[in-house]
There are 4 protein chains.
Amino acid sequence: MIVVMKHDAADQTIRDVVSRIESDGYQAHLSQGAAYTIIGVVGESPTPLRQENYSSMEGVEKVVRISESYKLANRTFHPADTKINIGGVIIGDNPIAIIGGPCSVESREQIIETAWAVKEAGGVALRGGAYKPRTSPYSFQGHAENGLKWLAEAREQTGLPIVTEVMDAAQLPIITQYADVLQVGARNMQNFTLLSAVGQTELPVLLKRGMSATIKEMLMSAEYILAQGNRNVMMCERGIRTFETETRNTSDINAIPVLKEKTHLPVVFDPSHATGKWEYVEALALAGIAAGADALIIEVHLNPEQAMSDGRQSLTPKKFQQLVERVQRIAEAVNRTVLTPAPVPTSGD
Amino acid sequence: MIVVMKHDAADQTIRDVVSRIESDGYQAHLSQGAAYTIIGVVGESPTPLRQENYSSMEGVEKVVRISESYKLANRTFHPADTKINIGGVIIGDNPIAIIGGPCSVESREQIIETAWAVKEAGGVALRGGAYKPRTSPYSFQGHAENGLKWLAEAREQTGLPIVTEVMDAAQLPIITQYADVLQVGARNMQNFTLLSAVGQTELPVLLKRGMSATIKEMLMSAEYILAQGNRNVMMCERGIRTFETETRNTSDINAIPVLKEKTHLPVVFDPSHATGKWEYVEALALAGIAAGADALIIEVHLNPEQAMSDGRQSLTPKKFQQLVERVQRIAEAVNRTVLTPAPVPTSGD
Amino acid sequence: MIVVMKHDAADQTIRDVVSRIESDGYQAHLSQGAAYTIIGVVGESPTPLRQENYSSMEGVEKVVRISESYKLANRTFHPADTKINIGGVIIGDNPIAIIGGPCSVESREQIIETAWAVKEAGGVALRGGAYKPRTSPYSFQGHAENGLKWLAEAREQTGLPIVTEVMDAAQLPIITQYADVLQVGARNMQNFTLLSAVGQTELPVLLKRGMSATIKEMLMSAEYILAQGNRNVMMCERGIRTFETETRNTSDINAIPVLKEKTHLPVVFDPSHATGKWEYVEALALAGIAAGADALIIEVHLNPEQAMSDGRQSLTPKKFQQLVERVQRIAEAVNRTVLTPAPVPTSGD
Amino acid sequence: MIVVMKHDAADQTIRDVVSRIESDGYQAHLSQGAAYTIIGVVGESPTPLRQENYSSMEGVEKVVRISESYKLANRTFHPADTKINIGGVIIGDNPIAIIGGPCSVESREQIIETAWAVKEAGGVALRGGAYKPRTSPYSFQGHAENGLKWLAEAREQTGLPIVTEVMDAAQLPIITQYADVLQVGARNMQNFTLLSAVGQTELPVLLKRGMSATIKEMLMSAEYILAQGNRNVMMCERGIRTFETETRNTSDINAIPVLKEKTHLPVVFDPSHATGKWEYVEALALAGIAAGADALIIEVHLNPEQAMSDGRQSLTPKKFQQLVERVQRIAEAVNRTVLTPAPVPTSGD
């Protein structure tokens, strides 16, 4: 941490800051310039260094943090890529994973038919929400446990592992019975109770970026999960909120190489939410892979005009298949491959 | 709802949209221009009109909603101001309420001493967090139930009602034993499980705006609470996230008159979070009242340099007292008064 | 300036940075911690310190600037408030100035009649655009020099000084013949050629904040004007662009106390553009004064439904008069007064 | 245009709106629902339909525009891609063009040496600023006409056409003597005087998106140029300003497919400004091409640590060469090729 004193800070106020640093258990190094005095804070101590407290002291102009607050998510301390196994599919290795499926599980037939379509098109995992966070209390809120059962049936038939959202810690006892991956949605990225709770499960977590969360805040949210012992966190960029209204969100593709540099965790890109309009999803899916994403998560619906949610941004199975084929070509151009779905599980004997 | 057809939409696609409208139970009114065909959708039906589904239909250029999705929060249907009683203090009436207190309850002594200071300065309610949402898992997370007990003790001594944050539905059985007002924090403004849960309590709710939530989304979140039967919701503007980094957030003071127009619910302003720096808090408090806010919620700390959280934006009791005095003058200028704290409850016989 | 070296920076890269600092003519102070090495750069030298160049050096984690780049606008070096005389009206002193007038000068009759209405309501200066920056090339672009002549006639009759926009340096020879204040619009806040050109005139400048400009960038733009010798710059907050669509812009009222702290230049607030809807203009005008603004600039139109531009945000003269009266009460509450218009100039003796 | 009347609009106010529509020369179609009355405005008339005026009328809830205000830039009316010839290089056709060069022309030697390096790496045009818009009046402002002469010399030697910025209409007589492409910078995207002036030249224009401009505003700015008769406009996405501070700007890659859909003009992507850090430039360049951009413009500096501007985001020639090679692979994956530089012009006999 660095404390910059005000232009006209009295000697006594400088001494007070130095005393506080020392009483917090750190060392203070002064650089005295003509215009400003800078105090470098170094060393280690059990007392946390609260930037805000130093900012509040008399004579202090500003306080600059140096080291990142996330340790477990930080690539500096864990240089090797984390690879995560979701029901036999590895995310974070060279081969790229494509996850497809509807926004909501709408019926047993819908999810099973979609799962087959996703698999035939080349998807290796199935997404689908049984508990749906909806802006309006009057919108469809999901089929809850029935939805989970239908997802499980789709998995049983197709072999595709399941990614499904958890909205509240209290849902975990049920959801963990069915899910292969727990999705934490954008609106819950800073629901710290939920983050801690999923951190105590053994399931991989897909953590979506909050719509106005900085990359650092997203890394801190991953840290909440990691700190509870669950090391299988995937970072999902899904677009951020900006002034632009032509698309539902603004894809922050910059975040992909930034995250790959700062953390060892796999990076997933969601071009469906990041654009909000199906006609732009493929272009963005290709861009995400070109920029270095490890996986894609794509909304697929058998009949978007009838979808109970997110119809505007859902691909038909046919368009999804075309996307997968084109992603394969981009993957090759960046020396990667695309995972292909496992053969259907045969039911024994 | 209005459906605008594309410039080159075929007659058949127009007929398809009309059919869908009719099969959803509504009437379609066509306005056929040289360049565009516009279809007005009117009438009522049990089938929800899903804007997204119509947007996905062939030939559709765009779909525009007309009526607001929030009904219970909507002033159109409830013109009279809602007035909320929090432990004897009325919020939403002519007199302005000023709520003060620390970000976190740090100790029994701290909260009791602060409560007295808030009251002496003219505050009519006490804020203080026992459960703290913190960006970092390594930061102080609050004293939990002990914090609540100390708050209750402060109330008992001073008579000030208590505003305290609930982070998760599972905390409600405990928090409702102590709190006078349940605060839903900015990061939880779209935690729909939590919104529904506080909607099932009988306590007034202070709903803080999410840092990138639109005013409409905030109204929809209030609607979640109201729809569960709890009609005592206060709308709290606390700054939004923008590109400006000179202050912690950007105060969206526009939101105050907008909310007063659109909803009958009281509007509270939090200049502490909206600026993030104590030196700007007073100016913004005055601005908020001048713009029409019904109440202020202000962070007050006995010693901001030692605060365990939010020290940078906390006022000392002395500065808080000056703020209250200046707010009184602004209130008068807009033909309002400022509530004064009730006399200390006498424990007597 | 402070250079923070990377966690694993080799000793040689640290020595290289120190050498560069010394060869640029500054002194380097090292603070060596367990995890990071911090290099404080102090002293003075004719060679500019380019933060970006140091950022590009091997082993450098980040570079933090300490001193502000604006000198002439900086209150640190010029503590006393700057007071600006615009045609006899002083801006930046205790009394608050209210400027009113239409977005565009539409006709001779319109501007003269509006000037009288502004004056009767209590306005002390007249705004009106003769050269209009319009988003569409097909919209009304202003009456150019005719507009200026009509403005001058309005001034002659009413005595109100004139604030009018200059869009391009080439317009200055004409506009300076008529204007009392040169307005630099939001879209030109970083038109550096124009800034330098108005800096070479002797007229006061009203500098509007760019819709996505930071407060620091705005101060740097003021510095461009000041550096050319023109010390009469007014800083005008007019709302910034955010994700919120309920209002045309988001009023950054925080910017008012921030600017008052950082610069000695007067601060003007424009609630018309900052909200974009006339029904919110008064509430924001009051808020701006409560927060410390020295002046208001308000759009007034005789008949907003017929306005050739900005009708949606224009007040009628009657509503403007009410605003002035209410501003007077707020001004009093913050120990200020409101300037009243001078008596009509009598023609001759 | 559609006018939505308020819930409680009186019949007379509805009639007033209809009258105004008719007196403006259009037809009004009413759709009367239980809750709202919608008025569709169709037909053609010489009187412009001012959305704002209708918004200001009594009883009007909101007014929605249907048709886009840009005609010449609109793909609806000009379906075929525009192809632009810049000194023999075609932009907007299947083959992708890569433009490289320094932010500023710093010296004769620098620009000539860089031009050769750009060409050897595979660049087909040279960028370099002779007039530099700088945030600070104290920063290097460019070598002006000398810079242009050195650029011309670089072109003469290497055959690469020149892209250089014009900051003000008054610079055009000089710059047009040297440039092959006129760049309008982000800060000038709504400098309408400049847009009109470059529209009157015969040189192709590279129009950079303003840092907070919407896609629609960018199209309207192109329309300014096109409306003057210059049909050779390239749309350049260069990142927008958001709350994220990890990168200098946020690449709005969504804008690439959106622009390709809405306009026939070529789309250029500038990953240098869009990220602000050289280490992310390549990833974003690949993403931009995968998303459908027609060209890239990249900052290249012989020695970024010594650059007089933008060193932090400049690639060395070696890294630029690697970028070109990788772009070639992505181009192939999307069925495109990459233009290769023409052989050096021989100085004939």
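Because the structure is a prediction, the values reported are computed rather than measured.

Conventions we followed
Residues numbered from 1 in each chain as written. Chains lettered and ligands numbered in written order. Predicted model: local features only at pLDDT ≥ 70, side-chain atom pairs only at ≥ 80, totals over all residues. Helix = DSSP H or I, 4+ residues; strand = E, 2+ residues; numbered from the N terminus. Buried ≥ 20, exposed ≤ 12 C-beta atoms within 10 Å, placed from the backbone. Contact = placed C-beta atoms within 7 Å. Least-squares fit on C-alpha atoms with pLDDT ≥ 70 in both. Nonpolar A, V, L, I, M, F, W, Y, C, P; charged D, E, K, R; others polar. Domains from an automatic or database assignment. pLDDT = per-residue confidence, 0-100. Pairing = 2+ DSSP bridges. Axes fitted to C-alpha atoms, helices over the stretch in contact; angles between N-to-C directions.

Q: Help me understand the overall build of chain A, please; the structure alone is not making it clear to me.
A: Check the secondary structure of chain A and you find 11 helices and 14 strands. Its C-alpha atoms give chain A principal-axis dimensions of roughly 80 × 45 × 40 Å. Expressed as a percentage of the 349 residues in chain A, the buried residues total 60%. For chain A, restricting intrachain contacts to residue pairs at least 6 apart in sequence, the fraction spanning at least 24 positions comes to 67%.

Q: For this particular structure, what's the right way to read the relation of the copies chain C and chain B?
A: Copy one and copy two of the chain differ by a rotation about a common axis and a shift along it. When chain C is fitted to chain B, the residual RMSD is 0.0 Å, and the transformation amounts to a turn of 180 degrees plus an axial shift of 0.0 Å. The superposition operator between the copies reduces to a two-fold rotation axis. Scanning chain C for the C-alpha nearest the rotation axis identifies A287 of chain C, at a separation of 2.0 Å.

Q: What's the story with the environment of A97 of chain C in this structure? I'm lost.
A: Residues and elements named next belong to chain C. When you line up the elements, A97 lands in strand β7 (residues 97-101). Considered as a pair, A97 and A293 are 196 residues apart in the sequence and their alpha carbons are 9.6 Å apart. The contacts of A97, once residues within four sequence positions are left out, are V89, I91, V124, A125, A295 and L339.

Q: Teacher, can you tell me more about the relation of the copies chain A and chain D here?
A: Of the transformation placing chain A onto chain D, the axial shift is 0.0 Å and the rotation is 180 degrees, giving an RMSD of 0.0 Å. Here 100% of the contact residues of chain A are again contact residues in chain D; the copies associate through an equivalent surface.

Q: Help me understand the interface of chain C and chain B in this model?
A: Accessible area lost upon the coming together of the parts serves often as the stated size of an interface. Facing 31 residues of chain C, the contacting portion of chain B comprises 31 residues. Elements that contribute at least two residues to the side of chain C that touches chain B include exactly α8 (255-262), α10 (278-290) and α11 (317-333) of chain C. With 6 residues, the single largest contributor to the side of chain C that touches chain B is α10 of chain C. Its residues assigned to classes, the side of chain C that touches chain B shows 16 nonpolar, 10 polar and 5 charged.

Q: Would you mind going over the domain arrangement of chain A with me for this structure?
A: Each domain of chain A was delimited in the assignment, giving domain 1 (2-64) and domain 2 (84-333). A straight line from the C-alpha centre of domain 1 of chain A to that of domain 2 of chain A covers 44 Å.

Q: Is there a simple way to think about the confidence of the model for chain A in this case?
A: On average, residues of chain A carry a pLDDT of 94, and 98% of them reach 70 or more. The ipTM for the predicted assembly is 0.94, set against a pTM of 0.94.

Q: How should the sheet that holds strand β11 (residues 205-208) of chain C be read in this particular structure?
A: The strands making up a sheet associate through backbone hydrogen bonding, with each pair oriented either parallel or antiparallel. All names here are of chain C. The 8 strands lie next to each other as β7-β8-β9-β10-β11-β12-β13-β14, forming a closed barrel whose pairing is parallel. Across the sheet, the mean angle separating the axes of adjacent strands is 25 degrees when strand polarity is ignored. As judged from the 3 bridges shared by strand β10 (residues 181-184) and β11, these two strands associate in the parallel manner. Directly across from L182, in β11, lies its bridge partner V205. Contacting β8 (125-127) and β9 (162-165), helix α4 (residues 144-158) crosses the sheet at an angle of about 165 degrees to β9.

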